[in-house]
Amino acid sequence: QVQLVESGGGLVQPGGSLRLSCAASGTIFSINAMGWYRQAPGKQRELVAVITTGGSTVSANSVKGRFTISRDNAKNTVYLQMNSLQPEDTAVYYCKANLNAVLGPREYWGQGTQVTVSS
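Treat the numbers as computed from the prediction; the structure is a model and nothing was measured. (Residues numbered from 1 in each chain as written. Predicted model: local features only at pLDDT ≥ 70, side-chain atom pairs only at ≥ 80, totals over all residues. Heavy atoms only, no water.)

Student: How do you make sense of the nonpolar core when you look at a structure like this?
Tutor: As a rule of thumb, nonpolar side chains are buried together in soluble globular proteins. The biggest cluster of nonpolar side chains holds 32 residues, and the ones touching the most others in it are W36, L80, M82 and Y93. Looking at this core, the elements that each hand over two or more residues are strand 3 (18-25), strand 4 (28-39), strand 5 (46-51), strand 7 (67-72), strand 8 (77-82), strand 9 (91-101) and strand 11 (113-117). What Y93 contacts, discounting residues up to four positions off in sequence, is E6, L20, W36, Y37, R38, V48, F67, L80, M82, G112, T113 and V115. (Core = buried A, V, L, I, M, F, W, Y, C linked by side-chain atoms within 4.5 Å. Buried < 20%, exposed > 50% of the residue type's maximum accessible area, 1.4 Å probe, protein only. Helix = DSSP H or I, 4+ residues; strand = E, 2+ residues; numbered from the N terminus. Contact = heavy atoms within 4.5 Å.)

Student: Would you mind going over the state of the cysteines with me for this structure?
Tutor: Disulfide: a covalent bond connecting the sulfur atoms of a pair of cysteines. Here the structure, examined in full by the defined rule, presents one disulfide. Disulfide pairing is shown between C22 and C95; the S-S distance is 2.1 Å. Residues C22 and C95 are joined by a disulfide whose S-S torsion is about -75 degrees; by sign, that bridge is left-handed. In this pair, C22 sits in strand 3 while C95 sits in strand 9, placing the two residues 73 residues apart along the sequence. (Disulfide = S-S within 2.5 Å.)

Student: Please explain the pairing of strand 8 as it appears in this structure.
Tutor: Counting buried positions along strand 8 gives five out of six residues, so the element sits mostly inside the fold. Judged from the six bridges that link them, strand 3 and strand 8 form a sheet pairing that is antiparallel. Each residue of the ladder has a partner; that of S21, found in strand 8, is Y79. Bridge analysis of strand 7 against strand 8 gives six bridges, and the strand direction is antiparallel. Counterpart to R71 in the pairing with strand 8 is V78. (Pairing = 2+ DSSP bridges.)

Student: I keep staring at the environment of S70 and nothing clicks. Help me out?
Tutor: By the element assignment, S70 lies in strand 7. Along the primary structure S70 and I51 are separated by 19 residues, whereas in three dimensions their C-alpha atoms are 6.9 Å apart. Those residues in contact with S70, other than ones at most four positions away along the chain, are I51, T77, V78 and Y79.

Student: Help me out: how do you make sense of the pattern of salt bridges in this one?
Tutor: Where side chains of opposite charge bring their charged atoms close, a pairing between them can arise. Per the counting criterion, the structure on display carries four salt bridges. In this structure, a network of salt bridges that share partners links the residues R38, E46, R66 and D89. (Salt bridge = Lys/Arg side-chain N within 4 Å of Asp/Glu carboxyl O.)

Student: Quick question: what am I supposed to make of the side chain of R66 here?
Tutor: As for its position among the elements, R66 is in the loop between strand 6 (57-59) and strand 7. A distance of 2.9 Å separates the side chain of R66 from the backbone oxygen of S62, its partner in a polar contact. A distance of 2.9 Å separates a polar side-chain atom of R66 from the backbone oxygen of S84. (Polar contact = N/O pair within 3.5 Å; in protein donor to acceptor, adjacent residues only side chain to side chain.)

Student: What should I look at first to understand the packing of aromatic side chains in this one?
Tutor: Think of a pair of aromatic rings as described by two things: how far the centres are apart, and how the planes are tilted against each other in angle. Tallied over the full model, the rule gives one aromatic pair. Geometry around Y94 places R45 over its ring, the cationic atom sitting 3.7 Å from the centre. A cation sits over an aromatic face here: R106 above Y108, 4.0 Å from the ring centre. (Phe/Tyr/Trp six-rings, centres within 6.5 Å; stacked < 30°, edge-to-face > 60°. Lys NZ or Arg CZ within 6 Å of the ring centre and 35° of its normal.)

Student: Looking at this structure, I do not really get unusual backbone geometry. What am I missing?
Tutor: In most cases, non-glycine residues show a negative phi, while peptide bonds are predominantly trans. Although it is not a glycine, N76 sits at a positive phi angle of roughly 50 degrees. Even without a glycine there, the phi angle at S84 is positive, about 50 degrees.

Given below as structure tokens:
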């Protein structure tokens, strides 16, 4: 069974940094795009950044220049380095992976990790 396990969330002051990690485990044949999404209270889930197997990335305008997505294909892991964090970045951050496993190609989501930016 495939699992995505996120880590690295927490409480940080404005201007601070956090690094999120998401590791995919289980019987995985291949992983295509991996990405991060976030959902703030009362708002819809939104794309933060996505990265392909080859390393091409797309980021939301609101995080460009502050957040960097990367991945380690050997470890089936995607990272999100978040710098210059602001209160509006407060949300639950979810990892998503489009991968091919025993059940065939589909998308998988992590359980989410809370990021709170507050003084």
